[in-house]
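Report on the structure
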Amino acid sequence: MTQMLIDFYKAIEDSSAKMLEAAKAEDWDGVMRFEGACAVLIEQLRQRARSEELDAAAKAEKTRIMQRILHNDAQIRYLAEPWLAHFEQRFEGQRQFLH
């Protein structure tokens with residue numbers, strides 16, 4: 001069972017790596033697509049983690065995986081900042097409507 005939980009972490013890491021590659025290519029639709037995949041995997045992990053636990057070795061592996069995910073996330077945010085600034089400038093001054 002421990003391996004199944006780690007597999008979820010690995011799949012999330014893989015998706016975050018794909019998000020980073022998409023961000024490097026300025027493929028923001030791709031980033032959003034992989035972000036959606038991460039969200040699904042995270043929810044599945046949450047469900048599984050309620051009934052399963054990691055042993056000590058798996059917890060250490062989880063920590064290493066989470067560090068890589070956080071590193072990917074930081075790089076994605078760094079790459080996205082100019083795009084977000086452009087997006088904000090584009091809509092600055094336009095009235096905001098809630099639908």
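Residues numbered from 1 in each chain as written. Predicted model: local features only at pLDDT ≥ 70, side-chain atom pairs only at ≥ 80, totals over all residues. Heavy atoms only, no water.

**What about the overall build of the chain?**
The helix and strand tally for the chain stands at three helices and zero strands. When the elements of the chain are put in sequence order from the N terminus, they spell out α-α-α. Surface summary for the chain: the accessible area is close to 7500 Å², and the carbon and sulfur share equals 55%. (Helix = DSSP H or I, 4+ residues; strand = E, 2+ residues; numbered from the N terminus. Areas by Shrake-Rupley, 256 points an atom, 1.4 Å probe, with all protein chains shown as cover.)

**Some remarks on the nonpolar core**
Core analysis: the biggest nonpolar cluster contains 20 residues, and Ile 6, Tyr 9, Ile 12, Val 31, Leu 45 and Leu 54 have the highest contact counts within it. Elements represented by at least two residues in this core include exactly α1 (2-24), α2 (28-49) and α3 (56-91). When residues in this core are grouped by element, the largest group, nine residues, is from α1. Setting aside residues no more than four positions away along its own chain, Leu 45 makes contact with Leu 5, Phe 8, Tyr 9 and Ile 12. (Core = buried A, V, L, I, M, F, W, Y, C linked by side-chain atoms within 4.5 Å. Buried < 20%, exposed > 50% of the residue type's maximum accessible area, 1.4 Å probe, protein only. Contact = heavy atoms within 4.5 Å.)

**As for the pattern of salt bridges**
One pass over the structure, following the stated rule, counts seven salt bridges. The partner of Glu 13 in a salt bridge is Arg 68, with the nearest N and O atoms 2.5 Å apart. Here the residue Glu 13 occupies a position in helix α1, and Arg 68 occupies one in helix α3, the gap between them amounting to 55 residues. Look at Glu 13 and you get buried, because its relative accessible area is 16%. In this structure Arg 68 comes out as partly exposed when scored by relative accessible area, which is 40%. Here Lys 24 makes a salt bridge to Glu 21, at a shortest N to O gap of 3.7 Å. Of this pair, Lys 24 and Glu 21 are both found in helix α1, three residues apart, which corresponds to roughly one turn of the helix. Take Lys 24: its relative accessible area is 48%, and that puts it in the partly exposed class. (Salt bridge = Lys/Arg side-chain N within 4 Å of Asp/Glu carboxyl O.)

**With respect to the packing of aromatic side chains**
Under the counting rule described, the total for this entry stands at zero aromatic pairs. The ring of Phe 34 is capped by Arg 33, whose NZ or CZ atom sits 5.7 Å from the centre of that ring. (Phe/Tyr/Trp six-rings, centres within 6.5 Å; stacked < 30°, edge-to-face > 60°. Lys NZ or Arg CZ within 6 Å of the ring centre and 35° of its normal.)

**Considerations on unusual backbone geometry**
At Glu 26, a residue that is not glycine, the phi angle is positive and equals roughly 55 degrees. By secondary structure assignment, the location of Glu 26 is in the loop between α1 and α2.

**Focus: the environment of Glu 43**
For Glu 43, the location among the structural elements is in helix α2. The class of Glu 43 is partly exposed, set by a relative accessible area of 35%. Within polar-contact distance, the side chain of Glu 43 engages the side chain of Gln 47 at 2.9 Å. (Polar contact = N/O pair within 3.5 Å; in protein donor to acceptor, adjacent residues only side chain to side chain.)

**Details of the environment of Asp 29**
Position of Asp 29 among the secondary structure elements: in helix α2. Take Asp 29: its relative accessible area is 58%, and that puts it in the exposed class.

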